[in-house]
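Residue-level structure breakdown
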Amino acid sequence: MPLQMNREVFITCAVTGSGSTQDRSPHVPRSPQQIADSAIDAARAGAAVVHCHVRDPDTGAPSRRLDLYREVTDRIRDAEVDVVLNLTAGMGGDMVFGGVETPLPTVAGTDMVGATERVAHVAACLPEICTLDCGTMNFAEADYVMTNTPGMLQAMGRMMTELGVKPEIEAFDTGHLWYAKQLVKDGVLDSPALVQLCMGVPWGAPDDLNTFMAMVSNVPEDWTFSAFGLGRSQMPYVAASVLAGGNVRVGLEDNLMLGKGVLATNAQLVDRAVDIIENLGARVIGPDAVRKKLGLTKRAPA
């Protein structure tokens, strides 16, 4: 397999996520202002794209509140620094079963809503990109399932396409890529598509290089992909993705540490990624180049 390194790389910063990391580092932003400020700092450090979730400002728990998304996106848009907005649409598909003997009814933590509600903040905020988790998966905890049925993905994908928002396909395993290609074939998603390869998330694709290259090999040649690994794998995957022809994602959603015993900020993680990319001989591109590459339009919400 020849080395097909990407020489023009964009960095996505996943600013906060929805995991229970808010009490593990003081740098994990909670409030809309903290999330926006951290995203802006990441953009100043070299991130062309910021991927944003929102959290309850008081508890840090994941949230789908529209007012929080509007405040985050308004603050980022009003900043002097330019950056491509990427909002999650992964919330609202959480199923937590009651246990192995009494799985039903579901228990606390379950958050299942319809396609329109899952995409409501995307329709209101009109980011350039939003995520589409392209499959159902057992996700870390014993009784939790990340639920994304084919029917749900078709409905959400059509809504995103009609809104003119580019779906970023989140692929946690090879089957997710298989279905993403079917969504394009069926006309639900436009081609060429945008893919994020999510490596090492229990219990999806493990973060070994053989599995990673299997994932890369299943991405159509005219599509654009990025990749990330969790925790200590985050920076190695910056190099691995660039060398495999892709782009990169870093940020506190996926990793809290800059080094052993050293808690990171989003800007520091982006700065480290910039160093790796440039030391490989590639160039980090900015938001305007990303919009041109992916055919994105920067818009203001109504």
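Right above here is the structure, for reference.
Rules of the game
Residues numbered from 1 in each chain as written. Predicted model: local features only at pLDDT ≥ 70, side-chain atom pairs only at ≥ 80, totals over all residues. Heavy atoms only, no water. Helix = DSSP H or I, 4+ residues; strand = E, 2+ residues; numbered from the N terminus. Rg over C-alpha atoms; globule rule 2.2 N^0.38 Å. Buried < 20%, exposed > 50% of the residue type's maximum accessible area, 1.4 Å probe, protein only. Contact = heavy atoms within 4.5 Å. Areas by Shrake-Rupley, 256 points an atom, 1.4 Å probe, with all protein chains shown as cover. Lys, Arg positive; Asp, Glu negative; His and termini not counted. Charge placed at Lys NZ, Arg CZ, Asp CG, Glu CD. Pairing = 2+ DSSP bridges. Core = buried A, V, L, I, M, F, W, Y, C linked by side-chain atoms within 4.5 Å. Right-handed = clockwise from strand over helix to strand, strands pointing away.

**Overview of the overall build of the chain**
In terms of helices and strands, the chain carries ten helices and 18 strands. A globule of 302 residues ought to have a C-alpha radius of gyration of about 19 Å, and the chain, at 18 Å, matches this closely. Projected onto the principal axes, the alpha-carbon positions of the chain cover approximately 55 × 45 × 40 Å. Burial analysis of the chain (302 residues in total) assigns 53% to the buried set. Intrachain contacts of the chain at a sequence separation of at least 6 include 74% that bridge at least 24 residues. Carbon and sulfur atoms make up 52% of the accessible area of the chain, which amounts to about 13,100 Å² in all. With 25 positive and 36 negative side-chain charges, the chain shows a separation of 4 Å between the mean positions of the two kinds.

**Quick notes on the sheet that holds strand 11 (residues 144-146)**
Working definition: the strands of a sheet are paired by backbone hydrogen bonds and lie parallel or antiparallel to each other. Here we have four strands laid out as an open sheet, ordered 8-7-11-10, and antiparallel in their pairing. The open sheet has two free edges, formed respectively by strand 8 (111-112) and strand 10 (137-138), since each of these has just one partner strand. Note that strand 10 and strand 11 share two bridges and pair antiparallel. The residue bridging Asn-138 from the neighbouring strand is Val-145, located in strand 11.

**A short note on the nonpolar core**
Of all hydrophobic cores here, the largest spans 38 residues; its most connected members are Ile-11, Val-50, Ile-76, Val-250, Val-270 and Ile-277. Elements that contribute at least two residues to this core include exactly strand 2 (11-14), helix 1 (32-45), strand 3 (49-52), helix 2 (66-78), strand 6 (84-87), helix 8 (234-243), strand 15 (247-250) and helix 9 (266-279). Of all hydrophobic cores here, the second largest spans 36 residues; its members include Cys-130, Met-152, Leu-153 and Val-165.

**Structural notes on the pairing of strand 12 (residues 166-171)**
When you tally the buried positions in strand 12, you get six out of six residues, the bulk of the element. By the alternation rule, side chains of strand 12 split into Lys-166, Glu-168 and Glu-170 and Pro-167, Ile-169 and Ala-171, which are all buried. Here strand 9 (residues 129-133) pairs with strand 12 via five bridges, running parallel. Within strand 12, the position partnered with Asp-133 by the bridge is Glu-170. In terms of strand pairing, strand 12 meets strand 13 (residues 194-199) through four bridges, oriented parallel. Across the sheet, Glu-168 pairs through a bridge with Leu-194, a residue of strand 13. Running through helix 6 (residues 174-185), the crossover from strand 12 to the neighbouring parallel element strand 13 is right-handed.

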